[in-house]
Amino acid sequence: MKNISKLFLAIFATVAIISCQKEEEIGPNDKNSVTLEFDNRIGDQKLVLGATKAKNAAGEEFTVTKLNYFVSNIALKKENGEVVKFPDQYFLVRQSEASSLNITLKDVPAANYTGLTYTIGVDSLKSISDVAQRTGVLDPASYGSDNMYWSWNSGYIFFKMEGTSPAIPANMMGMTEYQFHIGGFGGRTAKTPNNLKTLNFTFGEAATVRKDIAPAIHIINDVTKVFSAKNKISIATSYMIHAPAAGGVIAENYAQSFIVDHVHNDH
């Protein structure tokens, strides 16, 4: 009986070693996709536009009726330090459009990835490029009434958050809306406010891209931090922010509102 037990243990160990070796085999041309899953929340609540209520650090109640932001200049960092970049790819995340919350990076080389970088906004080079080169989500004509481009300022609105709050003095139409429209890429011929924000993350668990594994990186964006991550914003006194110079304090806040919560390696 003792010998049989040893035999089973030996077989189990051999199978485990073979399985591990098989798992670690990476072909030189192996590729798969990586998905960035954006999960917009208000604190620990799922964000439901116009419905989810919360209070900011100033104690002001608010809802969010619109939340859009550009994601660009994405890069993944391998465990050996090598960086894989995805240039000239721009995405517009819209809370109102479920499909936009998942960004899929295609043809990612198989490897173990331990970090992620991306920018909230549209870089200066693309912002000033010929309009013919700005297609897809960068086409200013594609937004309809939900405009993400300032014709008066010749630039993209990197981050747009709107909502309601009883803290706002009612205007002549009885409306109590706040609007945070943040842009500004640093200027073309002269120096202007630069609200481009590059975010860097290190994963708690590596994203293992394999020929048969397409990981998903779950990113939480807590919009309550838009009011307080670095600068405390009162809706009552700062409920209409459009100019890039005024938007800097908001940009510094949302630069800290995103976290990588976890990685799925079972896709």
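The coordinates are above.
The sections below set out a description of the structure shown in this document. (Residues numbered from 1 in each chain as written. Predicted model: local features only at pLDDT ≥ 70, side-chain atom pairs only at ≥ 80, totals over all residues. Heavy atoms only, no water.)

Remarks on the overall build of the chain
Each helix and strand in the chain was counted, giving three helices and 15 strands. Contacts spanning at least 24 positions in sequence make up 72% of the contacts within the chain whose residues lie at least 6 apart. Accessible surface for the chain amounts to roughly 13800 Å². Of this, 53% is attributable to carbon and sulfur atoms. (Helix = DSSP H or I, 4+ residues; strand = E, 2+ residues; numbered from the N terminus. Contact = heavy atoms within 4.5 Å. Areas by Shrake-Rupley, 256 points an atom, 1.4 Å probe, with all protein chains shown as cover.)

Some details on the pattern of salt bridges
Side chains that differ in charge, positive against negative, can pair when their charged atoms come close. Going through the model one piece at a time under the given rule, you end up with nine salt bridges. One salt bridge in this structure joins Asp 39 and Lys 46, with 3.1 Å as the shortest N-O distance. The exposed category is assigned to Lys 46, whose relative accessible area is 52%. What emerges from the salt-bridge pattern is a single network uniting Lys 66, Arg 94, Glu 97, Asp 146 and Lys 160. (Salt bridge = Lys/Arg side-chain N within 4 Å of Asp/Glu carboxyl O. Buried < 20%, exposed > 50% of the residue type's maximum accessible area, 1.4 Å probe, protein only.)

A closer look at the nonpolar core
Within the largest apolar cluster, 64 residues are counted, with the highest numbers of intra-cluster contacts made by Phe 38, Ile 74, Leu 116, Tyr 118, Met 161, Phe 180 and Ile 217. Contact partners of Phe 38, with chain neighbours within four places excluded, come to Tyr 69, Val 71, Val 93, Leu 101, Asn 102, Ile 103, Tyr 118, Ile 219 and Phe 258. (Core = buried A, V, L, I, M, F, W, Y, C linked by side-chain atoms within 4.5 Å.)

A few points about the side chain of Asp 222
One can find Asp 222 in strand 13 (residues 216-222). For the buried residue Asp 222, which engages in no salt bridge, the nearest side chain bearing the opposite charge is Lys 225, 4.8 Å off. Engagement of the side chain of Asp 222 in a polar contact is seen with the backbone nitrogen of Gly 43, the distance being 2.8 Å. Not counting the four nearest positions on each side in its chain, Asp 222 is found in contact with Arg 41, Ile 42, Gly 43 and Ser 257. (Lys, Arg positive; Asp, Glu negative; His and termini not counted. Polar contact = N/O pair within 3.5 Å; in protein donor to acceptor, adjacent residues only side chain to side chain.)

A short note on unusual backbone geometry
Even without being glycine, Asn 73 reaches a positive phi, approximately 50 degrees. Looking at the secondary structure, you find Asn 73 in strand 5 (residues 66-78). Take Asn 73: its relative accessible area is 34%, and that puts it in the partly exposed class. For Asp 88, which is not glycine, the phi torsion reads 55 degrees and is therefore positive. Counting through the fold element by element, Asp 88 comes out in strand 6 (residues 83-94).

Observations regarding the environment of Asn 147
By the secondary structure assignment, Asn 147 is in the loop between helix 2 (124-127) and strand 9 (149-150). When its relative accessible area of 32% is taken as the criterion, Asn 147 is described as partly exposed. Taking the C-alpha atoms as reference, Asn 147 lies 9.5 Å from Lys 160; in sequence the two are 13 residues apart. Contact partners of Asn 147, with chain neighbours within four places excluded, come to Pro 140, Ile 157 and Lys 160. Among the polar contacts listed, one links the side chain of Asn 147 to the backbone oxygen of Tyr 149, at a separation of 2.5 Å.

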